[in-house]
Amino acid sequence: SPLIRETFNPLDLKFCDDILCKVSRSFAAVIRQLPSQLLVDVLIFYLVLRALDTIEDDMTYFPSNEEKVKSLLAFHKTALVDPTWTMMGCGEGDERRLLEEFPKCHSVYAALPEGSRRVISDITLRMATGMAEFVDKDLGQGTVDVAQYNRYCHFVAGLVGEGLSRLFASSELERSALAGELHLSDQMGLFLQKTNIIRDYLEDYVDGRAFWPQSIWKKYSAGGDLGYFANPATEEAKKAGLCCLNDLVTDALELAPDCLAYLSKLRCAEVFRFCAIPQVMAIATLDRCYHNADVFTGVVKYGRACRASSSTTQSTCGGCTGSSTGSPPASSRGRRRRGGPASTIRPTTGQPERAA
Ligand code: PS7
Ligand code: MN
Ligand code: MN
Ligand code: MN
Ligand code: MN
Ligand code: MN
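Here is what the cut-offs are and how they apply
- Residues numbered from 1 in each chain as written.
- Chains lettered and ligands numbered in written order.
- Predicted model: local features only at pLDDT ≥ 70, side-chain atom pairs only at ≥ 80, totals over all residues.
- Heavy atoms only, no water.
- Helix = DSSP H or I, 4+ residues; strand = E, 2+ residues; numbered from the N terminus.
- Buried < 20%, exposed > 50% of the residue type's maximum accessible area, 1.4 Å probe, protein only.
- Contact = heavy atoms within 4.5 Å.
- Areas by Shrake-Rupley, 256 points an atom, 1.4 Å probe, with all protein chains shown as cover.
- Donors = N, O, S within 2.8 Å, 3.2 Å for Na, K, Ca; no water.
- Axes fitted to C-alpha atoms, helices over the stretch in contact; angles between N-to-C directions.
- Parallel < 35°, antiparallel > 145°, perpendicular 65-115°, else oblique.
- Phe/Tyr/Trp six-rings, centres within 6.5 Å; stacked < 30°, edge-to-face > 60°.
- Lys NZ or Arg CZ within 6 Å of the ring centre and 35° of its normal.
- Core = buried A, V, L, I, M, F, W, Y, C linked by side-chain atoms within 4.5 Å.
- Left-handed = near helix turned anticlockwise from the far one by under 90°.
- Nonpolar A, V, L, I, M, F, W, Y, C, P; charged D, E, K, R; others polar.
- Disulfide = S-S within 2.5 Å.
- Salt bridge = Lys/Arg side-chain N within 4 Å of Asp/Glu carboxyl O.

(A) Here's a closer look at the overall build of the protein chain. When its secondary structure is counted, the protein chain shows 16 helices and zero strands. Within the span of the protein chain, comprising 356 residues, buried residues form 52% of the whole. Considering only intrachain contacts with a sequence separation of at least 6, the fraction spanning at least 24 residues in the protein chain is 76%. With an accessible surface of roughly 16,200 Å², the protein chain has 54% of that area assigned to carbon and sulfur atoms.

(B) Broad picture of the coordination of the manganese ion (ligand 5). The protein atoms that coordinate the manganese ion (ligand 5) are Asn196 (OD1) and Asp200 (OD), at distances spanning 2.1 to 2.2 Å. In this structure, the manganese ion (ligand 5) lies 5.1 Å away from the manganese ion (ligand 2). Residue classification places Asn196 among the partly exposed positions, given a relative accessible area of 31%. Asp200 gets classed as buried once you look at its relative accessible area, which sits at 3%.

(C) Region of interest: the coordination of the manganese ion (ligand 4). With distances of 2.2 Å, the protein atoms coordinating the manganese ion (ligand 4) are Asp53 (OD) and Asp57 (OD). A separation of 3.5 Å is found between the manganese ion (ligand 4) and the manganese ion (ligand 3), both of which receive a donor from Asp53. Residue Asp53 and its partner Asp57 are both found in helix α3 (residues 36-57); the two are separated by four residues, about one turn of the helix. In this structure Asp53 comes out as buried when scored by relative accessible area, which is 18%.

(D) Seen up close, the packing of helix α5 (residues 93-100) against helix α6 (residues 102-110). Between α5 and α6, the least distance of the axes is 5 Å, while the angle of their chain directions is 60 degrees. Taken together, the axes of α5 and α6 lie oblique to each other. Mapping the contact onto sequence places Leu98, Leu99 and Glu100 in α5 and Phe102, Pro103 and Cys105 in α6.

(E) A look at the packing of aromatic side chains. Scanning the model with the defined rule gives 14 aromatic pairs in all. With 5.8 Å between their ring centres and 50 degrees between their planes, Phe27 and Tyr46 make a pair best called tilted. Of this pair, Phe27 sits in the loop between α1 (10-23) and α2 (28-32) while Tyr46 sits in helix α3, placing them 19 residues apart in sequence. Residue class for Tyr46 comes out buried when judged on its relative accessible area of 12%. Where Tyr228 meets Phe229, the ring centres are 5.6 Å apart and the plane angle is 80 degrees; that geometry is what we call edge-to-face. For Tyr228, a relative accessible area of 23% translates into the label partly exposed. Looking at Phe229, the relative accessible area reads 2%, which means it is buried. Note that Lys137 overlies the ring of Phe134, its terminal NZ or CZ placed 5.0 Å from the centroid.

(F) Inspection of the nonpolar core at higher detail. Counting residues in hydrophobic clusters, the biggest one holds 103 residues, and the most contacted among them are Leu47 and Trp212. Sort the elements by how many residues they give to this core and α3 lands first, with 14 residues. If we ignore the near neighbours within four places in the chain, the residues touching Leu47 are Cys16, Ile19, Leu20, Val23, Leu98 and Cys105.

(G) Representation of the packing of helix α12 (residues 235-253) against helix α14 (residues 269-289) in the model. The interhelical angle for the contact between α12 and α14, taken along N-to-C directions, is 160 degrees, at an axis separation of 10 Å. With respect to their mutual orientation, α12 and α14 come out roughly antiparallel. Once α12 is placed against α14, the crossing between them reads as left-handed. Across the interface between the two elements, Leu245, Val249, Ala252 and Leu253 of α12 pack against Ile283, Leu286 and Cys289 of α14. Among the residues forming the contact of α12 with α14, the class breakdown is seven nonpolar, no polar and no charged.

(H) Fine view of the state of the cysteines. Scanning the entire structure with this criterion turns up zero disulfides. In this structure Cys21 is not part of a disulfide, and its nearest cysteine sulfur, from Cys16, lies 11 Å away. Taking the relative accessible area as the measure of exposure, Cys21 reaches 5% and is therefore buried. Free of any disulfide, Cys105 has its nearest cysteine sulfur in Cys16, 3.9 Å distant.

(I) Representation of the environment of Glu66 in the model. Considering the arrangement of structural elements, one finds Glu66 in helix α4 (residues 65-78). Along the sequence, Glu66 and Gln37 sit 29 residues apart, while their C-alpha atoms lie 40 Å from each other.

(J) Region of the structure containing the pattern of salt bridges. One pass over the full model with this rule turns up 20 salt bridges. In this structure, Lys265 engages Glu181 in a salt bridge whose closest nitrogen and oxygen atoms are separated by 3.8 Å. Separated by 84 residues along the polypeptide, Lys265 in the loop between α13 (256-264) and α14 and Glu181 in the loop between α8 (146-170) and α9 (182-199) bring together distant segments of the chain. The exposure class assigned to Lys265 is partly exposed, which follows from its relative accessible area of 32%. A relative accessible area of 25% places Glu181 in the partly exposed class. Linking Arg199 and Asp200 is a salt bridge whose minimum nitrogen-to-oxygen distance equals 3.0 Å. One salt-bridge network, in which partners are shared between bridges, spans Asp122, Arg126, Glu162 and Arg166.

Laid out in structure tokens, this is it:
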């Protein structure tokens, strides 16, 4: 019966909630406002994928690419099956802690309904398989073409959309047909991922894992490599960089109609907020990135993205100021503040609003 809810170990659940607030740069608040019959499932889905992404992102822990690939491909049958599985020393900070204390996540995962566990395990395996495909590719100069760029984004984000739709449907907060909207849920993930990739140009480039497709950026680089845009020698080069950036933003914006179509199918106000707020943040980030040379020198932040005023006080053609930092991108990432994030996105009326 859906009324008999699994019982979670309260200390382990507390760990999961605390670590979510530390590792999530944008999802903690929208996850925590979800209805209780869905919240823990999505929370654990997030932490499992965050753990997998920590393995994917680590460039020093594994002695070889082969070892990293093994670890990615085994994850669904080690981390998600063995209640004692941990990994020590991979990743940094709170993400490293997540892997080191993974048994606490496992404990909560194991107490989820079987259907939710199946979704999480299935998506984890498919994402890991996709990540593994890209480990051996030399991404120093980005993906080869838009098809490869789309393929990477499908694995690391489109599949998340599929998994979330299945969790929404099985909670009965959304129609069961939503789980079958594979194209639309894929586009939802691609929109977030492409925005992240556009914004993180410099961070990813200096890490040797760039995603901007060569078939796009080579149109603008006058024979130079992807670093050409970071150090423009001439006014012409600087302009070319901005045109390249605008090309990529325009490519991402093509996803917006399908994202709106997906959002229009949602009926539960909290699920709608969970899905729509990251999309609004993403479109505000694209607005800020468009024709903004700061993308090439730092990280363009979107901390104030939801303010209506940001689009009226800023022009979209080079007038952006003070929105990036000159410090190393990785360390300039602001951690979200702690405590009660859900309160900031509560509706002002007790009346459930219509989703679309
Ligand atoms: C399960 C909520 C709502 C239908 C960890 C949400 C990293 C952009 O690593 O943290 O800092 O560059 O900025 C999220 C579709 C996935 C796609 C993907 C799981 C939307 C591991 C988000 C998040 C589908 C691979 C976070 C895709 O960005 O990245 C849950 C519907 C994780 C969603 C990664 C990126 C997510 C991402 P980083 P961020
Ligand atoms: Mn991030
Ligand atoms: Mn990654
Ligand atoms: Mn990452
Ligand atoms: Mn990124
Ligand atoms: Mn489409």
